[in-house]
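Observations on the three-dimensional arrangement
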Amino acid sequence: MKSTFYIEYYGKQIDEASLVKSAKAIWTKSGKKAGDLKSLNLYVKPEENMAYYVFNDDETGSFSID
């Protein structure tokens, strides 16, 4: 089964794949290897236009979803 998850807010739309891609880019741009990313938790707050992430149950941060 294939599924796609979308968040729609204030006339905007973002899908899960885009959020994951953005988070993974943050991981690799910080100099870490893609293979070292074992888990990714994402929390989206549309009212703040932000996504918050937790890498490997340890490292936290956020990025804009605009």
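Residues numbered from 1 in each chain as written. Predicted model: local features only at pLDDT ≥ 70, side-chain atom pairs only at ≥ 80, totals over all residues. Heavy atoms only, no water.

**Quick word on the sheet that holds strand 3 (residues 40–45)**
Strand order in the open sheet formed by three strands is 3-4-5, and the pairing between neighbours is antiparallel. The open sheet is flanked by strand 3 and strand 5 (59–64), the only strands paired with a single partner. For this sheet the average axis-to-axis angle between neighbouring strands, irrespective of direction, equals 20 degrees. Set on the sheet, helix 1 (residues 16–29) makes contact with strand 3, strand 4 (50–55) and strand 5; between it and strand 3 the angle comes to about 120 degrees. (Pairing = 2+ DSSP bridges. Helix = DSSP H or I, 4+ residues; strand = E, 2+ residues; numbered from the N terminus. Axes fitted to C-alpha atoms, helices over the stretch in contact; angles between N-to-C directions. Contact = heavy atoms within 4.5 Å.)

**Points about helix 1**
Its 14 residues place the ends of helix 1 20 Å apart at the C-alpha level, agreeing with the 20 Å of an ideal helix rising 1.5 Å per residue. Listing the buried residues of helix 1 in full gives Leu 19, Ala 23 and Trp 27. The arc that holds every buried residue of helix 1, seen down its axis, measures 80 degrees, which confines them to one face. Turned more than 90 degrees from where helix 1 packs its buried face, Ala 17, Lys 21 and Lys 29 sit exposed. On the buried face of helix 1, the contacting elements are strand 1 (6–9), strand 2 (12–15), strand 3, strand 4 and strand 5. Structurally, the start of helix 1 carries an N-cap: the backbone nitrogen of Ala 17 is 3.1 Å from a side-chain oxygen of Asp 15. The positive-phi residue at the C-terminal boundary of helix 1 is Gly 31, with phi of around 95 degrees. (Expected span 1.5 Å × (residues − 1). Buried < 20%, exposed > 50% of the residue type's maximum accessible area, 1.4 Å probe, protein only. Arc of directions from axis to C-beta. Polar contact = N/O pair within 3.5 Å; in protein donor to acceptor, adjacent residues only side chain to side chain.)

**Digging into the pattern of salt bridges**
By the definition in use, this model includes three salt bridges. The salt bridge involving Asp 66 is made with Lys 12; its shortest N-O contact spans 3.0 Å. Separated by 54 residues along the polypeptide, Asp 66 in the segment after strand 5 and Lys 12 in strand 2 bring together distant segments of the chain. Where Glu 59 meets Lys 32, a salt bridge forms, and the shortest distance between an N and an O atom there is 2.7 Å. On the criterion of sequence distance, the pair formed by Glu 59 in strand 5 and Lys 32 in the loop between helix 1 and strand 3 is long-range, its members being 27 residues apart. Looking at Glu 59, the relative accessible area reads 29%, which means it is partly exposed. (Salt bridge = Lys/Arg side-chain N within 4 Å of Asp/Glu carboxyl O.)

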